[in-house]
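Close look at the chain arrangement
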Amino acid sequence: MTADPFALFDAWYAEAKAAEINDPDAMALATASPDGSPSVRMVLLKGHGPNGFIFYTNADSRKGSELSANPVAALLIHWKSLRRQVRIEGPVQEVSGAEADIYFASRSRDSQIGAWASDQSRPLDRRETFEARYEEVRGRFEGSDVPRPPRWTGFKVNPERIEFWSDRPHRLHERRLFTVGQQGWTEGLLYP
Ligand SMILES: Cc1cc2nc3c(=O)[nH]c(=O)nc-3n(C[C@H](O)[C@H](O)[C@H](O)COP(=O)(O)O)c2cc1C
């Protein structure tokens, strides 16, 4: 029997959008350096489905550098109000330039300017330096559209393993694990 983790994800996500007080699209993104040292930070889910779970960032950031050297990732979404978590793991690819352009164009102008002004994950001597860079970029693009910075892009985690965890009384939690193989997706259970 083939299973459909994406329909289940859609159903849980819809419930989370109704229940969470903010950021139902927030997820922890874990990456690792080639020697296996992990790092984790929050990002926002900007697209999802069988072709991948997408977030946008600066490719020269720490996460971007780790993904270019070791293109695998794990995502964790915790919907606190629903007492649920979803874990997604798989190889990572950059989205196409055209896809990144479309998403960048949909962001607010201030966020677009911020993307140019922020040398993400690099040391910053003082806050004022960042503010001055922001003002410089604002002036530079005055009266025109803000193009996507060349190193600002999206990454897609192609899921190979998706686990849905839900809270149950007495810590008898439910864990549904979906894995993909030659025959498509199959579903099993894990002890909590
Ligand atoms: C709720 C939340 C959502 C975030 N979303 C993003 C995001 O979508 N993209 C991004 O680059 N940083 C996002 N950040 C900031 C990152 O957590 C992180 O500080 C930044 O990307 C630098 O991470 P790095 O140095 O590990 O690359 C978010 C932070 C929070 C708390």
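I will try to describe carefully the structure that is included in this document. (Residues numbered from 1 in each chain as written. Predicted model: local features only at pLDDT ≥ 70, side-chain atom pairs only at ≥ 80, totals over all residues. Heavy atoms only, no water.)

Description of the site of the ligand
Every residue near the ligand is listed here: Asp23, Arg41, Met42, Val43, Leu44, Tyr56, Thr57, Ser61, Arg62, Lys63, Gln120 and Ser121. Between Leu44 and the ligand, the recorded distance is 3.0 Å, taken from a backbone N or O atom to an oxygen atom. A total of 620 Å² of accessible area belongs to the ligand in isolation, and the protein chains cover 63% of it. Broken down by secondary-structure element, the contributors of at least two residues to the shell around the ligand are strand E2 (38–44), strand E4 (52–58) and helix H2 (62–69). (Near = heavy atom within 4 Å. Polar contact = N/O pair within 3.5 Å; in protein donor to acceptor, adjacent residues only side chain to side chain. Areas by Shrake-Rupley, 256 points an atom, 1.4 Å probe, with all protein chains shown as cover. Helix = DSSP H or I, 4+ residues; strand = E, 2+ residues; numbered from the N terminus.)

Focus on the packing of aromatic side chains
The geometry of an aromatic ring pair is captured by the separation of the ring centres together with the interplanar angle, meaning the angle of the planes. According to the stated counting rule, one finds 14 aromatic pairs in the structure shown. For the pair Tyr13 and Trp79, a centre-to-centre distance of 5.9 Å together with 25° between the ring planes defines the contact as stacked. Here Tyr13, found in helix H1 (residues 5–19), pairs with Trp79, found in strand E5 (residues 72–79); they are 66 residues apart in sequence, far enough to count as distant. By the burial criterion, Tyr13 is buried, and Trp79 matches it. Ring plane angle 45° and centroid distance 5.4 Å describe the contact between Trp116 and Phe141, whose orientation is recorded as tilted. (Phe/Tyr/Trp six-rings, centres within 6.5 Å; stacked < 30°, edge-to-face > 60°. Buried < 20%, exposed > 50% of the residue type's maximum accessible area, 1.4 Å probe, protein only.)

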